[in-house]
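Examining the three-dimensional arrangement
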Amino acid sequence: MSAHLIDGKAIAAEIDARAGEVGAKLASSLGRPPCLAVVLVGEDPASDVYVRNKVRRTEAAGLTSIEIRKSAEATEAEIIAIVERLNADGGVDGILVQMPLPGHIDTNRVIGRIDPDKDVDGLTEVSAGRLVLGKPGLRPCTPAGCVLLAERALGDLSGKSVVVIGRSILVGKPAALLFLEKNATVTIAHSRTADLPDLCRTADILVPAVGRPEMVRGDWVKPGACVLDVGINRIDAPERGAGKTRLVGDAAFDEIVGHAGWITPVPGGIGPMTIAMLLKNTVIAAALRAKQPALADF
Ligand code: NDP
């Protein structure tokens with residue numbers, strides 16, 4: 001048996017297109033398309049690429065974006081002032097502050113100032129609280145993308161056994177809560193988990209979100225299981241030439257693909273879904289602002 005590849009890129013393109021369609025409907029009531037504001041502080045090259053991709057995909061979907069770039073020397077007070085200005089701006093539906101922020105800025109204090117109704121990354125305490133309480137709200141993008149891909153692959157997730165490896169605020173914890181919301185039975189593993197390979201073998205759906213290249217080996221995966229590989233790791237690839245690198249996930253793809261039921265590739269799996277869910281959240285935020293909740297349900 002060979003696993004079905006879950007094509008995150010294609011599914012993300014569908015979500016982008018749908019966000020664009022719903023955004024166009026909203027434009028007539030808002031008088032403008034939904035708008036995402038992205039704040040980038042400093043010159044980190046990886047963050048620069050992420051922000052450019054987010055802005056490019058937003059605009060390609062027919063939504064609008066505002067890009068605010070500040071130097072690495074910007075103060076916390078300046079960044080908070082930008083966030084407050086965007087909160088008050090009736091032309092902005094979603095606010096994203098690109099992580100990581102320079103070391104002298106307290107990330108939590110900045111995130112904490114984002115209006116939860118514009119928190120398209122789903123990272124504020126209010127958004128996290130809404131998720132824990134099962135109340136409507138904007139959900140973190142990468143975990144929401146995982147759940148969406150799992151549903152595309154398996155349909156109803158009710159009763160499925162899910163093992164999430166990693167308990168970060170950004171991925172692991174919200175992923176576990178989102179799978180729980182779908183009536184899956186969820187276990188969260190982390191660096192102190194005993195017998196991780198054994199635990200993983202119980203999973204119908206395995207979600208490695210660790211940041212350790214190819215940590216999940218072939219014999220950790222139950223035959224027929226669905227592996228949603230969140231990890232993105234750059235490793236040396238001497239076979240491609242001197243000094244070359246390549247991206248791998250947290251799962252040893254080649255060992256798993258022969259017997260898993262479903263697997264996401266890296267790149268091209270969860271990664272593209274993160275931006276798709278950001279666009280979706282921007283449109284949801286705009287729909288709720290426009291008092292059109294029916295359009296937030298897509
Ligand atoms: P963090 O470093 O914040 O969290 C890693 C988690 O992995 C921690 O909970 C840690 O446990 C756990 N862990 C570390 N070592 C082990 C181990 N040996 N066995 C079991 N668990 C372990 O990372 P993130 O959650 O931010 O990101 C995880 C990965 O996902 C990274 O590769 C990142 O690049 C990728 N990522 C991908 C995204 C995408 O769009 N595809 C978006 C965001 C992240 P403990 O808490 O005990 O320390």
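**Let's talk about the overall build of the chain**
- Along its length, the chain carries 10 helices and 11 strands.
- For a compact globule of 298 residues, the expected C-alpha radius of gyration is about 19 Å, and the chain comes in at 19 Å, within 12% of that figure.
- Taken along the three principal axes of its C-alpha coordinates, the chain extends 55 × 45 × 35 Å.
- Restricting to contacts in the chain with at least 6 residues of sequence separation, those with at least 24 account for 68%.
- As displayed, the chain offers around 13500 Å² of accessible surface, 54% of which is attributable to carbon and sulfur atoms.

**Topic: the site of the ligand**
- In the vicinity of the ligand there are 22 residues, among which Arg-167, Ser-168, Ser-191, Gly-211 and Thr-274 approach most closely.
- For the ligand, an oxygen atom lies 2.5 Å from a polar atom in the side chain of Ser-191.
- If the ligand stood free it would expose 930 Å²; the protein chains cover 69% of that surface.
- Among the elements that make up the shell around the ligand, the one with the highest residue count is helix H10 (residues 270–289) (3 residues).
- In terms of residue class, the shell around the ligand is made up of 10 nonpolar, 10 polar and 2 charged.

**Brief notes about H10**
- The end-to-end C-alpha distance of H10 is 28 Å, a good match for the 28 Å that 20 residues give at a rise of 1.5 Å each.
- The first or second residue beyond H10 is Lys-291, which carries a positive phi of 55 degrees.

**With respect to the packing of aromatic side chains**
- For the structure on display, the rule yields 0 aromatic pairs.
- Positioned above the aromatic ring of Phe-298, the side-chain terminus of Lys-280 is 5.2 Å from the ring centre.

**Regarding the pattern of salt bridges**
- Going through the model one piece at a time under the given rule, you end up with 18 salt bridges.
- Across the pair Arg-52 and Asp-48 runs a salt bridge whose closest N-O atoms are separated by 2.9 Å. Of this pair, Arg-52 and Asp-48 both sit in helix H2 (residues 45–60), 4 residues apart, which is roughly one turn of the helix.
- You can call Asp-48 buried: its relative accessible area is 19%.

**Some details on the domain arrangement of the chain**
- Assigned domains within the chain: domain 1 (30–116) and domain 2 (141–272).
- Just the C-alpha atoms count here: the centres of domain 1 and domain 2 sit 29 Å apart.

**Focus on the packing of helix H6 (residues 141–154) against helix H7 (residues 172–181)**
- Packing of H6 against H7 leaves a shortest axis separation of 8 Å and a crossing angle of 40 degrees. Our classification of the angle between H6 and H7 gives oblique. Judged by the twist between their axes, the crossing of H6 over H7 is right-handed. Seen from H6, the contacting residues are Pro-143, Ala-144, Cys-146, Val-147 and Ala-150; seen from H7, they are Pro-174, Ala-175, Leu-178 and Phe-179.
- Split by residue class, the contact of H6 with H7 holds 9 nonpolar, no polar and no charged.

**Details of the sheet that holds strand S3 (residues 64–70)**
- As summarised here, the arrangement of the 3 strands in space is S3-S2-S4, forming an open sheet in which the pairing is parallel. Single-partner strands in this sheet number two, and they are S3 and strand S4 (94–97). The sheet shows a mean angle of 15 degrees between the axes of neighbouring strands, direction not considered.
- Pairing analysis gives 4 bridges linking strand S2 (residues 35–41) to S4, with the strands arranged parallel. In the sheet register, Val-38 faces S4, and the bridge partner there is Leu-96.

**With respect to the environment of Ser-168**
- Residue position: Ser-168 is located in the loop between strand S5 (161–165) and H7.
- Under the relative-accessibility criterion, Ser-168 is labelled partly exposed at 33%.
- Considered as a pair, Ser-168 and Val-110 are 58 residues apart in the sequence and their alpha carbons are 18 Å apart.
- If we ignore the near neighbours within four places in the chain, the residues touching Ser-168 are Lys-173 and Pro-174.

Cut-offs applied
Residues numbered from 1 in each chain as written. Predicted model: local features only at pLDDT ≥ 70, side-chain atom pairs only at ≥ 80, totals over all residues. Heavy atoms only, no water. Helix = DSSP H or I, 4+ residues; strand = E, 2+ residues; numbered from the N terminus. Rg over C-alpha atoms; globule rule 2.2 N^0.38 Å. Contact = heavy atoms within 4.5 Å. Areas by Shrake-Rupley, 256 points an atom, 1.4 Å probe, with all protein chains shown as cover. Near = heavy atom within 4 Å. Polar contact = N/O pair within 3.5 Å; in protein donor to acceptor, adjacent residues only side chain to side chain. Nonpolar A, V, L, I, M, F, W, Y, C, P; charged D, E, K, R; others polar. Expected span 1.5 Å × (residues − 1). Phe/Tyr/Trp six-rings, centres within 6.5 Å; stacked < 30°, edge-to-face > 60°. Lys NZ or Arg CZ within 6 Å of the ring centre and 35° of its normal. Salt bridge = Lys/Arg side-chain N within 4 Å of Asp/Glu carboxyl O. Buried < 20%, exposed > 50% of the residue type's maximum accessible area, 1.4 Å probe, protein only. Domains from an automatic or database assignment. Axes fitted to C-alpha atoms, helices over the stretch in contact; angles between N-to-C directions. Parallel < 35°, antiparallel > 145°, perpendicular 65-115°, else oblique. Left-handed = near helix turned anticlockwise from the far one by under 90°. Pairing = 2+ DSSP bridges.

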